[in-house]
Protein chains: 4
Amino acid sequence: MASQKASGSDEKEERPVRTPQRRRGRERVAALVEAAVAVFAEQGYEAATMTEIAARAGASIGSLYQFFPTKEQLAAELHARQLAGLAEMLDALAAEARGRPLEAAVDRLFARLVTFLEAHPAFVVLSERRNIDPQAKKRARARLRGGIEALLAGTVPPVPAARRPALAALTLHMIRVAALLEADDDTSLRGPAVAELKAMLRAHLVAAGDG
Amino acid sequence: MASQKASGSDEKEERPVRTPQRRRGRERVAALVEAAVAVFAEQGYEAATMTEIAARAGASIGSLYQFFPTKEQLAAELHARQLAGLAEMLDALAAEARGRPLEAAVDRLFARLVTFLEAHPAFVVLSERRNIDPQAKKRARARLRGGIEALLAGTVPPVPAARRPALAALTLHMIRVAALLEADDDTSLRGPAVAELKAMLRAHLVAAGDG
Amino acid sequence: MASQKASGSDEKEERPVRTPQRRRGRERVAALVEAAVAVFAEQGYEAATMTEIAARAGASIGSLYQFFPTKEQLAAELHARQLAGLAEMLDALAAEARGRPLEAAVDRLFARLVTFLEAHPAFVVLSERRNIDPQAKKRARARLRGGIEALLAGTVPPVPAARRPALAALTLHMIRVAALLEADDDTSLRGPAVAELKAMLRAHLVAAGDG
Amino acid sequence: MASQKASGSDEKEERPVRTPQRRRGRERVAALVEAAVAVFAEQGYEAATMTEIAARAGASIGSLYQFFPTKEQLAAELHARQLAGLAEMLDALAAEARGRPLEAAVDRLFARLVTFLEAHPAFVVLSERRNIDPQAKKRARARLRGGIEALLAGTVPPVPAARRPALAALTLHMIRVAALLEADDDTSLRGPAVAELKAMLRAHLVAAGDG
DNA sequence: TATGAATGAGAGTTCATTCAT
DNA sequence: CATGAATGAACTCTCATTCAT
């Protein structure tokens, strides 16, 4: 088997993920990241192998390890990058939505998130991984929830502060469900089910805004 | 030889899961199943080892393989049993709900599903497994959706037939989200978020019924 | 390369060295131990590979790991066995030497130790290993020194108690040197140098006895 | 390609250790040598990595390989330098000791050797390495033994020629034991055991001189 | 049938060494 | 000459699976 032993906050000296200086290196890393995202997305964390990731990037296994000293850290790094991107997107969205109707904000949020998940196919896989450092996980979720809360606070009408945390958490999960529906269900249901989901969430948030 | 990696639809003759006749055998299988559920729930499919499952059941590895010829088939068998139980429960619920208010039916559904998931801790793990035989997966989902559709068809008012498939699929996912919220999120959000989820779903279904 | 990660008292759950029940198993283990001793003796700890040890025992790598869960533990187990054998031998020698002349005891000790080291060619290699758990090392040395002290206490004349610990430690090292001289030096010097060593030690101990 | 394992007398063209002409180069080599000595002393030959040696010298690996084309040759070069230093010291000592009492010569030898070993912490590690080219090893030992023989030949009284080679070899080993005692044993024994060792050796040599 | 030792492919990881820049 | 990314053979260790007893 493999890393067999792994669990987020461990020993193993934690040599940090290296950022290369030379241009060649930066391209290499980009290729590695892309390959890793693809392989994780296709196979899941456990089934993905470092060997395949390296091969798919056209690199040697040693090269992969030069930049990402463990499989665990590779996953963590990818996840962190994707989280940062997502959080940034949410912030931008919150800014755009300020003073705009809640309904429109929800639609927009949905659209962007679907785009994001299509662009980051490993996101769900990496988020759901057991063995993630629970601290980091909590922090990440809080960050995202914060972004959504800000969004829901600035619309017209705003969602009442008291219900915002719970509704933000709920919204986050709805996104995930939307992604799953989009991807893996009976083809004939994809469209309708996602539509129902969107309508449901929008109605619920709007009702909260009015409440 | 041993191939350690095996994935869903393979060669490998698929010797069927043996069902024992003698009482000793049936007890043994029950113990193995229980142990497997526990280990899969705790560690996930990949991290679970056949050795640990056998040990926890107080059986030898050889014994485990007597009844479940591959790890894959063990997981599939467990999953199938749990799905059957769930489907049965949905059927019973549909019968009970016939002629009763939609609202009450939804609440009941929710309550029962939460109970079910608590009683079958490996259910989510086994459902989310990639590498499942996609055919079987589709059939299973269809069966469950069917149960929920029946439920939604018999209430007063009933959910319109046209929207039933999508709403059934959606409801199924909502359950999963509820389970996740119940289990892994920020403690302070569990209660409120689940409450929001339930209210949201109920309102949406009721609106559909009225529509 | 080798253990990459290793350092005596570590994490890694320390599954204990298994002692097999079946006869076949006991023979297997004996073959593995023999092979390990040979390989460690020839190549040293780091250069020895688990693969070669298994191959030389006519076993598979998996079989080796069934009984000795890490290379580290394999070395530790071998070392412990050899230490126990040596300590036992020293105890027997101390019993034999009680009441006999110191001079004869020293000669006998020397002879037996040379025999022992010839019979346990990995002994020096395993003793000198850096990365041994220092606690265990200290205990082992103390045990051996104790055996020699007892020997030196029971002869006629006895070595004075005050000097016994230091002289026992010294004697132990002289043995090692004798083994090294016996093994790896210029052929023409082996005999004479060992003779000088023996004479030197004997004279020193006798002088201590008279003092 | 890379063969990671290389052992003593091999193919590999043996590009010689480069000696730099420019001052910058000489400084660089000095830093590399110092770093290598430290790392070998701390970690042993096998565990030491070329990467760490280079890093500790503030150089790049490429730079290290410029001067020392293999790890093996690096170790050999260090060892050779240290041996040369030691031999030189012995020669000086032999000169000083000419016509002086044997007893004093022995004490002096001991004192200088302890100093030397403290100043060259990797000496023992590099000497004990298996896989050293046996020819080179023999030559080195012979050179050292020669130095000690010369010493023992010039004192008053001199050690008889016939016993000189064996006694020189023995003395050399005693030094090593002294170093080991100094370093790794039970603290409480260090002083006394080394004292016994010194007394023993001195008495033996003096007796030889008188014989 | 039950048992558990045996098997070996395969996974993660390291590090000596090379070579383009 | 210096640099450090690139390479890949080799290593330790795991675990699904088989099979002699």
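Residues numbered from 1 in each chain as written. Chains lettered and ligands numbered in written order. Predicted model: local features only at pLDDT ≥ 70, side-chain atom pairs only at ≥ 80, totals over all residues. Heavy atoms only, no water.

K.L.:
Sorry if this is basic, but what is going on with the interface of chain C and chain D here?
P.N.:
Facing the 38 residues of chain C at the interface are 38 residues of chain D. Roughly 3,100 Å² is buried in total at the junction of chain C and chain D, and carbon and sulfur atoms are behind 60% of that figure. When residues of chain C are sorted by the area they lose upon contact with chain D, C:Arg130, C:Glu196 and C:Met200 head the list and together hold 20% of the total. As a salt-bridge pair, C:Arg163 and D:Glu196 come within 2.8 Å of each other at their nearest N and O atoms. When contributions to the side of chain C that touches chain D are tallied by element, the ones reaching two or more residues are helix 1 (23-47), helix 6 (123-128), helix 7 (134-154), helix 8 (164-184) and helix 9 (187-210) of chain C. Considered class by class, the residues forming the side of chain C that touches chain D number 20 nonpolar, 4 polar and 14 charged. (Contact = heavy atoms within 4.5 Å. Buried area = accessible area lost by both parts, 1.4 Å probe. Salt bridge = Lys/Arg side-chain N within 4 Å of Asp/Glu carboxyl O. Helix = DSSP H or I, 4+ residues; strand = E, 2+ residues; numbered from the N terminus. Nonpolar A, V, L, I, M, F, W, Y, C, P; charged D, E, K, R; others polar.)

K.L.:
Which parts of the structure should I look at to understand unusual backbone geometry?
P.N.:
Backbone geometry follows two general trends: most residues other than glycine have a negative phi, and most peptide bonds adopt the trans configuration. Of the consecutive residues A:Val156 and A:Pro157, the connecting peptide bond is found in the cis state with omega at -5 degrees. Topologically, A:Pro157 is positioned in the loop between helix 7 (134-154) and helix 8 (164-184). A positive phi angle is found at C:Asn131, which is not glycine, with a value near 75 degrees. Here C:Asn131 shows up in the loop between helix 6 and helix 7. On the basis of relative accessibility, which here comes to 37%, the residue C:Asn131 falls in the partly exposed class. (Buried < 20%, exposed > 50% of the residue type's maximum accessible area, 1.4 Å probe, protein only.)

K.L.:
Explain the relation of the copies chain C and chain D to me, please; I cannot follow it from the model alone.
P.N.:
Mapping chain C onto chain D calls for a rotation angle of 179 degrees and an axial translation of 0.0 Å; the resulting RMSD is 0.3 Å. On the angle and the small slide along the axis, the relation comes out as a two-fold axis. Taken as a fraction of all interface residues of chain C, those also at the interface in chain D reach 95%, which identifies the copy contact as same-surface. (Least-squares fit on C-alpha atoms with pLDDT ≥ 70 in both.)

K.L.:
Just to check I follow, could you spell out the domain arrangement of chain A for this structure?
P.N.:
When the parts of a complex come together, some accessible area is lost, and that lost area is often taken as the interface size. All names here are of chain A. The domains assigned to chain A are domain 1 (23-69) and domain 2 (73-210). The C-alpha centroid of domain 2 is placed 28 Å from the C-alpha centroid of domain 1. Contacts between domain 1 and domain 2 engage 13 residues on the former and 12 residues on the latter. Both faces considered, domain 1 and domain 2 share a buried interface measuring about 1,100 Å² in area, 84% of it formed by carbon and sulfur atoms. In this assembly, domain 1 and domain 2 are joined by 0 salt bridges. In this structure, the connection of domain 1 to domain 2 is made through 0 residue pairs in polar contact (both at pLDDT 80 or more). In terms of residue count, helix 1 (residues 23-47) provides more of the side of domain 1 that touches domain 2 than any other element does, 8 residues in total. Its residues assigned to classes, the side of domain 1 that touches domain 2 comprises 12 nonpolar, 1 polar and no charged. (Domains from an automatic or database assignment. Polar contact = N/O pair within 3.5 Å; in protein donor to acceptor, adjacent residues only side chain to side chain.)

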